[in-house]
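Coordinate analysis (summary)
Now for the letters of each chain:
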Amino acid sequence: QVLQLCTKQVQLQGICDVAYDMLDRGGKMWRPTWIMLLSECFGEDLYLSSPQAHAIWFTAGLCEIIHNASLIMDDIEDEGLMRRGEKCIHLKYGLDVAINTSSYMYFAPLRTMPKFIPKEFLTEYTQIVHDELVNIHTGQNWDIMWHNNPNFFPTPEQYLQMVSHKTSVIPRLGARLVSLLLSLDPEVANAIITYTENFGIAFQIKDDLLSLTGDEFSKKKFLKGEDIYEGKKSMMVIYAMANTKERDRLKEILGMKTQNAELIKEAITILDNCGAIEYAEKYAYDLIVNSWNKVEKVL
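This report concerns the structure included in the present document. The structure displayed is predicted, hence computed values, not measured ones.

Criteria and cut-off values
- Residues numbered from 1 in each chain as written.
- Predicted model: local features only at pLDDT ≥ 70, side-chain atom pairs only at ≥ 80, totals over all residues.
- Heavy atoms only, no water.
- Helix = DSSP H or I, 4+ residues; strand = E, 2+ residues; numbered from the N terminus.
- Buried < 20%, exposed > 50% of the residue type's maximum accessible area, 1.4 Å probe, protein only.
- Lys, Arg positive; Asp, Glu negative; His and termini not counted.
- Salt bridge = Lys/Arg side-chain N within 4 Å of Asp/Glu carboxyl O.
- Contact = heavy atoms within 4.5 Å.
- Phe/Tyr/Trp six-rings, centres within 6.5 Å; stacked < 30°, edge-to-face > 60°.
- Axes fitted to C-alpha atoms, helices over the stretch in contact; angles between N-to-C directions.
- Parallel < 35°, antiparallel > 145°, perpendicular 65-115°, else oblique.
- Left-handed = near helix turned anticlockwise from the far one by under 90°.
- Nonpolar A, V, L, I, M, F, W, Y, C, P; charged D, E, K, R; others polar.
- Core = buried A, V, L, I, M, F, W, Y, C linked by side-chain atoms within 4.5 Å.

Let's shift gears to the side chain of Asp208. In this fold, Asp208 is placed in helix H12 (residues 186–213). Buried charge Asp208 goes without a salt bridge, the closest partner of opposite sign being Lys232 at 6.5 Å. In this view, Asp208 contacts Tyr159, Asp227, Ser234 and Met236; residues no more than four positions away in its chain are not counted.

In this model, Arg84 sits at a positive phi of 55°, which is unusual for a non-glycine residue. Mapped onto the elements, Arg84 comes out in the loop between strand S1 (82–83) and strand S2 (86–87). The phi torsion at Lys257 lies on the positive side, around 50°, for a residue other than glycine. You can see Lys257 is positioned in the loop between helix H16 (247–256) and helix H17 (261–273).

A few words now on the pattern of salt bridges. A full pass over the atoms with the stated rule returns 19 salt bridges. The partner of Arg25 in a salt bridge is Asp21, and the shortest N-O contact between them spans 2.9 Å. Looking at Asp21, the relative accessible area reads 12%, which means it is buried. In this structure, the salt-bridge partner of Glu230 is Lys232, at a minimum N-O distance of 3.5 Å. Classification of Lys232 by relative accessible area gives buried; the value is 11%. One salt-bridge network, held together by shared partners, links Asp74, Asp75, Asp78, Arg83, Asp143, Lys166, Glu230 and Lys232.

Tallied over the entire structure, the rule returns 11 aromatic pairs. Ring geometry for Trp146 against Phe152: centres 6.2 Å apart, planes inclined by 40°, an arrangement best described as tilted. Trp146 gets classed as buried once you look at its relative accessible area, which sits at 8%. In this structure Phe152 comes out as partly exposed when scored by relative accessible area, which is 29%. On the numbers, 4.5 Å between centres and 20° between planes, the contact of Tyr239 with Tyr279 is stacked. A residue pair is termed long-range when its members are at least 10 positions apart, and Tyr239 in helix H15 (residues 235–243) and Tyr279 in helix H18 (residues 276–296) qualify at 40 residues. On the basis of relative accessible area, Tyr239 is assigned to the partly exposed category, the value being 23%. Under the relative-accessibility criterion, Tyr279 is labelled partly exposed at 34%.

Turning our attention to the packing of helix H5 (residues 51–78) against helix H11 (residues 169–181). Running from N to C, H5 and H11 point in directions that differ by 165°, and their axes come no closer than 10 Å. Here H5 is positioned roughly antiparallel relative to H11, judged by the angle of their axes. Handedness of the crossing formed by H5 with H11: right-handed. On H11, the residues that touch Gln52, Ala55, Ile56, Thr59, Leu62, Cys63, Ile66 and His67 of H5 are Ile170, Leu173, Gly174, Leu177, Val178 and Leu181. Broken down by class, the residue content of the contact of H5 with H11 amounts to 10 nonpolar, 4 polar and no charged.

Ranked by size, the top nonpolar core spans 49 residues in total, and within it Leu62, Met113, Ile117, Tyr125 and Val129 carry the most contacts. Secondary-structure elements contributing two or more residues to this core are helix H3 (16–24), helix H4 (30–41), H5, helix H7 (95–111), helix H9 (119–148), H11 and H12. With 13 residues, H5 is the largest single contributor of residues to this core. Once you skip the residues sitting within four places of it in the chain, Tyr125 turns out to touch Phe58, Thr59, Leu62, Met113, Ile117, Leu177, Leu180 and Leu181. Core analysis: the next-biggest nonpolar cluster, separate from the first, contains 35 residues, Ile201, Leu250, Ile253 and Leu287 among them.

For the rest of this paragraph, the subject is the environment of Lys245. In this structure, Lys245 sits in the loop between H15 and H16. By relative accessible area, Lys245 is classed as exposed at 84%. Between the C-alpha atom of Lys245 and that of Cys274, which follows or precedes it by 29 residues, the distance is 8.8 Å.

Pasting the structure below:
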């Protein structure tokens, strides 16, 4: 109800219809779920009609709406075709409508923060939201610059920094806000936030792997290997550039930004043959396990 609370219905036409189209498509919903799980793990009863519970529910909605806003804009910037089994918002409604709706979804939840967030937390809560909104655009900027420059390939460290400022932003935002609202011990809060950030990185790696290898995933995205078509510098691509003799061919295909299924298949084969897919699978798994081992020590 976050969108409904901050506007009048007549003013919503052309914005909220489009926003709800995106939201109603579903998605994994793991970001708001993670916020609620964290809250319950630290003893918060979300089914009580309390200011604390209302603040947590609002935070879950805020994060999911901002996430969906970023997806609409991301699809525009990547020239995406499909999102959650349907045409991308900019293809269905037009570029102008998509840009306006995405921008609105970033700001609409901020307008209602004073209604749901206790006064003693509001200033810091607002600062955290603003910090992470800047971060998500910084991470997206790096991603755009890299896939628009066929001759530049980031280091693994640069890639991880980009993902932490892109995919990890929204779950990290949720973890930071929950830590604030529940007044968690700083050591515990830092461990939870770090784990959440690493979970986001592992999620992005797995998402990129599914783009290359997942048949069901490719049906929702129109074609397998969407990241190849977009020229993305994923962890697998970065690994391959350092570990395959076919790096020039891989670079050439990425630079084409082609939808040709045979060329995309060739690129995926190069990644597979040099061990990039296996490497990324193990990296994501190890990242989660090692991060959780650190969290367990402070819980």
